[in-house]
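The chain contents come next:
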Amino acid sequence: MKAPVSEQRSLLELQAADNRLAQLGHRAKTLPQQKRLDELAALAGAVSRTFATIRGELEDAQLEISRVESDVQVVATRLSRDRERLEVSSSTKDIQALEHEIVSLEKRRSDLEDIELAVMERTDEISGRLQVVESELGALAAERDELLVSRDAELAEINSERRGVQVNRDLIAGGVGDELLALYDRQRARYGIGAALLTRGISMGSNVKLHESDLAKIRLAEPDDVVLDPDSSCILVRTEESGL
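Reading guide: rules and limits
Residues numbered from 1 in each chain as written. Predicted model: local features only at pLDDT ≥ 70, side-chain atom pairs only at ≥ 80, totals over all residues. Heavy atoms only, no water. Helix = DSSP H or I, 4+ residues; strand = E, 2+ residues; numbered from the N terminus. Rg over C-alpha atoms; globule rule 2.2 N^0.38 Å. Buried < 20%, exposed > 50% of the residue type's maximum accessible area, 1.4 Å probe, protein only. Contact = heavy atoms within 4.5 Å. Areas by Shrake-Rupley, 256 points an atom, 1.4 Å probe, with all protein chains shown as cover. Lys, Arg positive; Asp, Glu negative; His and termini not counted. Charge placed at Lys NZ, Arg CZ, Asp CG, Glu CD. Salt bridge = Lys/Arg side-chain N within 4 Å of Asp/Glu carboxyl O. Pairing = 2+ DSSP bridges. Axes fitted to C-alpha atoms, helices over the stretch in contact; angles between N-to-C directions. Parallel < 35°, antiparallel > 145°, perpendicular 65-115°, else oblique. Left-handed = near helix turned anticlockwise from the far one by under 90°. Nonpolar A, V, L, I, M, F, W, Y, C, P; charged D, E, K, R; others polar. Expected span 1.5 Å × (residues − 1).

Caption draft 1: The overall build of the protein chain, seen in detail. When helices and strands are tallied, the protein chain shows five helices and five strands. In the protein chain, the succession of helices and strands from N to C terminus is α-α-α-α-β-β-β-α-β-β. Since a compact globule built from 244 residues should have a radius of gyration of about 18 Å, the 42 Å found for the protein chain marks it as more spread out than a globular shape. Within the protein chain, buried positions represent 33% of all 244 residues. For the protein chain, long-range pairs separated by at least 24 residues make up 74% of all intrachain contacts whose partners lie at least 6 apart in sequence. A total accessible area of about 14800 Å² is found for the protein chain, and carbon and sulfur atoms account for 52% of it. Charge centroids of the protein chain, computed over 33 positive and 47 negative side chains, lie 5 Å from each other.

Caption draft 2: Focus on the pattern of salt bridges. Under the definition given, this model contains 23 salt bridges. Put simply, R151 and D152 hold a salt bridge, and the shortest N to O gap is 2.9 Å. Classification of R151 as buried rests on a relative accessible area of 18%. Through salt bridges that share partners, D18, R169, D185 and R188 make up one connected network.

Caption draft 3: Structural detail: the environment of M1. With respect to the helices, strands and loops of the structure, M1 is situated in the segment before α1 (5-29). What makes M1 partly exposed here is its relative accessible area of 38%. Put simply, M1 and S70 are 69 residues apart on the chain and 95 Å apart in space, counted from C-alpha to C-alpha. Residues contacting M1, with those up to four places away along its chain left out, are E179, L180, L183, D224, D225 and V226.

Caption draft 4: Focus on the pairing of strand β1 (residues 195-199). Of all five residues making up β1, five are buried, and the element is well covered by its neighbours. Two strands pair when backbone bridges link them, and β1 and strand β5 (residues 235-238) are joined in this way by four bridges, in the parallel orientation. What sits directly across from L198, in β5, is R238. By the bridge criterion, two bridges tie β1 to strand β2 (residues 202-203) in an arrangement that is antiparallel. Bridge assignment links L198 to a residue of β2, and that residue is S203. The hairpin turn running from β1 into β2, its antiparallel successor, is two residues long, and R200 in that turn takes a positive phi close to 55°.

Caption draft 5: Spotlight on the packing of α1 against helix α4 (residues 178-191). Close contact between α1 and α4 brings their axes to 11 Å; oriented N to C, the two are set at 40°. In terms of orientation, α1 lies oblique with respect to α4. Relative to α4, the crossing made by α1 is right-handed. Contacts between α1 and α4 involve E7, Q8, L11, L14, Q15 and D18 from the former and L180, L181, Y184 and R188 from the latter. Its residues assigned to classes, the contact of α1 with α4 shows five nonpolar, two polar and three charged.

Caption draft 6: Spotlight on α1. Across its 25 residues, α1 extends 37 Å between first and last C-alpha, which sits within 8% of the 36 Å expected from 1.5 Å per residue. Those residues of α1 that fall on the buried side of the exposure criterion are E7, Q8, S10, L11, L14, Q15, A17, D18, L21, L24, G25 and A28. Check the buried side of α1 and you find it contacts α3 (92-174), α4, β1 and β5.

Caption draft 7: Spatial organisation of unusual backbone geometry. Phi at R200 is positive, roughly 55°, even though this residue is not glycine. Here R200 is to be found in the loop between β1 and β2. The exposed category is assigned to R200, whose relative accessible area is 62%. Of note in the backbone geometry, N207 takes a positive phi value of approximately 55° without being a glycine. Along the chain, the position of N207 falls in the loop between β2 and β3 (208-209).

Geometric values such as these leave the question of function open.
So, in structure tokens, the structure goes:
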């Protein structure tokens with residue numbers, strides 16, 4: 001293949017633009033903020049599950065308190081009723097039965113109040129743990145929000161530069177013939193680099209000094225001949241620095 005020397009040299013600018021686009025793409029995919037955001041998402045998921053578990057414990061404890069309070073109210077109602085009956089009763093048998101039931105009810109109320117106190121203490125302990133986990137979730141959310149702002153700002157900066165480089169790349173590509181451009185794109189897609197400078201006998205595509213036999217063949221090539229690097233397979237661009 002033949003191509004004007006000026007177009008071949010333009011490939012170096014094209015390669016530089018493509019390198020910068022690749023760097024920007026890599027940078028966008030490997031932002032430290034995004035890495036930390038992914039870590040925070042996993043942490044928040046684990047902490048949220050812990051929060052749900054503790055909240056379930058608290059709801060169970062609160063439900064138990066409600067049941068105990070209801071039982072206490074039932075016992076209090078029966079005590080009030082029995083005491084009223086005791087005041088008006090004249091039957092010794094009934095009085096004895098009521099007095100026995102009142103003692104039993106007072107014991108039951110005392111036991112229920114002890115249970116209620118224990119459950120309330122447990123509820124306070126659970127609430128304390130829930131507040132700690134809730135604080136952890138708040139801290140994670142605050143860090144996430146801060147990172148999102150930072151990440152989006154950096155992405156906007158990257159995308160802005162990427163648009164500028166892409167415009168410049170398109171302008172450069174517009175000045176390269178279709179056949180040469182197709183070869184450049186094909187080699188870049190296959191081997192990762194489309195064109196490189198040959199300087200002092202060293203290919204910048206492979207960073208390796210070419211064998212003398214390869215250099216001899218290149219010396220015989222016409223200036224408008226398109227030469228490929230025998231090592232990296234990219235287009236070798238020859239200039240006054242090539243050492244030929």
